[in-house]
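What follows is the residue order along each chain.
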Amino acid sequence: MTVVYPMRSKILIVNENSEEADLLRIILEDENHILDIAASGECALDIAGKSMPDLILLGSTFPDMDGIEVQRRLKKEASTQGIPVILLAGKNEMENIVKSFPAVGVDCLTKPFLGEEVLARTRSHLHFKSLVNQYAEESEALKKRNAELEKEIADKNRAVTVAEIQNRALEAFAQDNSLSDIIDILTKGLESQFDGCMCSVLVFNPESQSLHHCSAPSLPAKFSQAIEGMQIGPSVGSCGTAAYTKKLVVVEDIETDPLWKRAQKFALSHNLRACWSLPILAADDRVLGTFAVYYSSPRRPSKEELDLIGSFAYVAGVTIESKELEKSSRAKSDFLARMSHELRTPMNSILGFTQLLEMDVQNPLTSYQKDNLRTISSAGQHLLELINEVLDLSKIETGHLELSIEVINLNELVDNVVSFSKPLAENKGVTLKLQNSQSQEYFAETDSLRLKEVLLNLLSNAIKYNKLNGSVTVSFEEQAEGKIRIGVRDTGHGISAENKLKVFKPFERFDVDSDFIEGTGIGLSISKRLVEMMNGSINFESELREGSFFYIDLPISDKTPTLPHIKEKLNMPNVSTEKRGNCKIVYIEDILENIELVRQILSHRKDIELFYATNALDGIELARAEMPDLILMDIHLPEIDGLTAFKRLQAIDEMRSIPVVALTSDAMDTNAKKALEMGFHSYITKPIDIPKFMSLIKSILY
Ligand code: ADP
């Protein structure tokens with residue numbers, strides 16, 4: 001390594017003898033150094049302290065002090081102790097000087113001065129000094145880099161720990177742990193990162209404008225109890241103020257900060273001295289709560305601490321908000337279940353009694369009455385369809401609709417849908433054709449029932465909004481990227497450019513004949529969502545008065561459908577083919593109109609005896625007394641619901657083999673599934689479809 005000392009080094013010549021000083025100046029002048037000359041000890045110390053020379057040539061005696069004293073004072077001062085010194089001495093002074101300077105870094109030049117020697121010595125000292133400087137600089141840089149690396153490693157380690165803590169909180173969320181348990185993971189996690197730190201999370205109640213305990217694992221319990229329910233305001237401690245101003249509040253010392261005036265003594269009595277509080281905000285800037293950090297001695301947060309509190313407060317916010325959403329979505333789904341029940345119960349009576357009247361052979365209706373009844377029935381059916389579709393749409397929107405995905409044969413499904421739609425087409429005088437369906441078989445991974453629903457909707461629209469003698473063509477067309485297009489082309493009314501934007505919006509109906517054509521305006525919006533849930537897409541092209549082409553594109557699957565699974569019926573009573581004589585049915589139902597309807601439906605079956613009870617407990621007693629062949633069980637019963645009543649029946653040995661059919665207005669799929677999993681024989685939703693109901697009863701009883 002070549003080290004070049006600074007070409008223009010500063011040299012201080014300290015000599016009482018001006019001739020000697022001049023001689024040295026002359027010798028050194030050619031080297032282009034910056035030379036300072038001092039004639040006394042004080043003057044030398046003054047210049048050395050101010051200009052920091054790279055080398056001092058120091059004489060041995062001065063009027064104010066000798067060279068040894070100058071050297072001692074230079075070495076005492078931190079700023080000058082590193083400056084190399086060459087002592088200038090006569091031959092006879094040398095022995096004394098060497099004894100007095102045990103320190104390293106002191107060299108001597110003896111008089112008379114020889115130019116070459118002076119130059120050689122100064123050069124080597126300056127060279128050495130420059131080496132030392134360079135080494136010091138490098139080692140300083142290394143130290144700095146080392147410290148930086150250590151910090152980087154510590155930061156990385158902390159980041160990993162923090163990510164682990166936050167991940168644990170999210171896992172706890174996924175496992176449906178309570179809000180406090182999840183937030184505890186965060187507060188304890190942050191406490192583990194900073195010695196002596198005590199965290200607290202309070203949640204905000206917007207109605208009462210107050211903060212409530214959520215998690216404070218290390219705060220004194222009495223303190224937490226005392227601040228429970230505190231009102232927020234412009235100067236209410238750290239948390240009350242942070243929630244009010246939506247800003248970070250740093251109280252370095254509770255003892256002196258005016259924000260803590262009211263609670264200061266109480267906090268100090270619990271050994272709390274510093275409190276920094278960050279508001280927890282929702283995505284829409286609502287206050288959800290506060291994330292606070294306490295210490296038992298006055299303290300100001302570092303940037304790192306604030307960053308970390310910010311990131312924990314963020315996760316706490318997401319958790320609180322998600323829990324809120326979960327709660328409201330649960331409330332929504334409860335509301336849906338209730339609404340479905342409330343709406344279906346009266347529909348059951350309307351449609352059921354209408355069917356009974358239509359079927360009554362003993363008291364036949366006049367044609368006028370029949371017409372009226374048909375109007376009631378079709379209005380009722382329409383209303384029921386509307387209820388079902390609104391429920392479906394809400395279920396999709398709240399994420400409560402689950403698809404049952406399996407590999408299906410699209411050709412078979414489309415055949416089926418086309419055959420099903422034929423009567424409607426004939427009724428409307430529209431020709432319905434299926435094009436190129438046999439050319440190749442296509443499979444897709446979808447929910448077959450829901451896909452059928454979508455295609456039936458497209459076909460019924462194509463037929464409904466068609467002209468007399470119009471046509472509807474269903475086709476298959478392979479697309480790029482492994483997709484298959486199922487298209488429905490009609491020669492109907494078409495859709496204007498302005499209405500095209502409304503097609504997939506719920507409740508939009510814009511056909512000129514909409515008032516006369518049955519429909520709810522929801523079918524296509526449900527279809528779009530369903531198809532998208534099946535990884536497909538739905539679209540259309542349309543020309544006013546010419547017709548429309550609605551199509552869905554689905555990914556083709558290279559898997560083939562498995563054979564239909566044959567389900568064994570478990571816990572089923574042996575079904576005797578012999579007629580049993582009189583059969584008994586116990587119906588547990590709290591709504592009298594529903595009981596009356598079932599009574600009337602069964603009234604023409606003289607071989608069936610119907611017993612009923614209007615609550616579960618009476619129903620169970622009745623069933624025990626009568627030992628019926630079948631129990632019909634409403635689910636929404638007062639006090640004990642149908643599912644609990646079923647469990648109680650199952651606990652009675654002799655009752656276990658009696659089939660129980662759920663008969664309910666609750667149309668939510670999850671409840672149906674739950675009932676079947678529990679062991680109900682089957683699940684019928686009201687309004688009762690009388691022919692289907694009767695065939696189920698027959699299949700169980702005979
Ligand atoms: P609905 O048919 O019950 O009214 P949809 O959501 O299925 O509800 O359709 C929404 C609206 O789109 C319809 O009311 C109708 O105005 C229009 N539409 C749908 N399909 C067609 C079609 N094939 N031809 C013309 N208009 C259509």
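Right, let's walk through the structure included here. (Residues numbered from 1 in each chain as written. Predicted model: local features only at pLDDT ≥ 70, side-chain atom pairs only at ≥ 80, totals over all residues. Heavy atoms only, no water.)

1. Here we look at the sheet that holds strand β9 (residues 249-251)
Adjacent strands of a sheet pair through backbone hydrogen bonds, lying either parallel or antiparallel.
Then, in step 1: Ordered by their spatial adjacency, six strands build an open sheet running β8-β7-β6-β11-β10-β9, and the pairing between neighbours is antiparallel. The strands lining the two open edges of the sheet, one partner per strand, are β8 (230-231) and β9.
Then, in step 2: Relative to strand β7 (residues 210-215), strand β6 (residues 198-205) runs antiparallel, the two sharing five bridges. Within β7, the position partnered with Leu202 by the bridge is His213. (Pairing = 2+ DSSP bridges. Helix = DSSP H or I, 4+ residues; strand = E, 2+ residues; numbered from the N terminus.)

2. Comments concerning the site of the ligand
Then, in step 1: Around the ligand sit 20 residues in total, of which Asn461, Tyr465, Arg509, Thr520 and Leu524 are the nearest.
Then, in step 2: At a separation of 3.2 Å, an oxygen atom of the ligand approaches a polar backbone atom of Gly523.
Then, in step 3: At a separation of 2.7 Å, an oxygen atom of the ligand approaches a polar backbone atom of Leu524.
Then, in step 4: Taken by itself the ligand offers 520 Å² of open surface, and the protein chains cover 99% of this.
Then, in step 5: Looking at the shell around the ligand, the elements that each hand over two or more residues are α13 (448-464), α15 (523-533) and β18 (547-555).
Then, in step 6: With four residues, the single largest contributor to the shell around the ligand is α13.
Then, in step 7: In the shell around the ligand, the residues fall into seven nonpolar, eight polar and five charged. (Near = heavy atom within 4 Å. Polar contact = N/O pair within 3.5 Å; in protein donor to acceptor, adjacent residues only side chain to side chain. Areas by Shrake-Rupley, 256 points an atom, 1.4 Å probe, with all protein chains shown as cover. Nonpolar A, V, L, I, M, F, W, Y, C, P; charged D, E, K, R; others polar.)

3. Looking at the sheet that holds strand β16 (residues 483-490)
Then, in step 1: Strand order in this open sheet of five strands is β13-β15-β16-β18-β17, and the pairing throughout is mixed. The sheet is open, and its two edges are formed by β13 (431-434) and β17 (537-543), each paired on a single side. Strand-to-strand twist of the sheet, defined as the mean angle between neighbouring strand axes without regard to direction, takes the value 20°.
Then, in step 2: In terms of strand pairing, β13 meets strand β15 (residues 471-479) through four bridges, oriented parallel. The residue of β15 that forms the bridge with Leu432 is Val472.
Then, in step 3: In this fold helix α12 (residues 410-427) packs onto β13, β15, β16 and β18, with an angle of close to 170° to the strand it touches most, β13. (Axes fitted to C-alpha atoms, helices over the stretch in contact; angles between N-to-C directions. Contact = heavy atoms within 4.5 Å.)

4. Focus: the pairing of β18
Then, in step 1: With eight of nine residues buried, β18 lies mostly within the body of the structure.
Then, in step 2: Where β16 and β18 come together, seven bridges link them in antiparallel fashion. By the bridge assignment for β18, Ile486 is matched with Ile552.
Then, in step 3: Pairing between β17 and β18: seven bridges, direction antiparallel. The partner of Glu541 across the bridge, within β18, is Phe549. (Buried < 20%, exposed > 50% of the residue type's maximum accessible area, 1.4 Å probe, protein only.)

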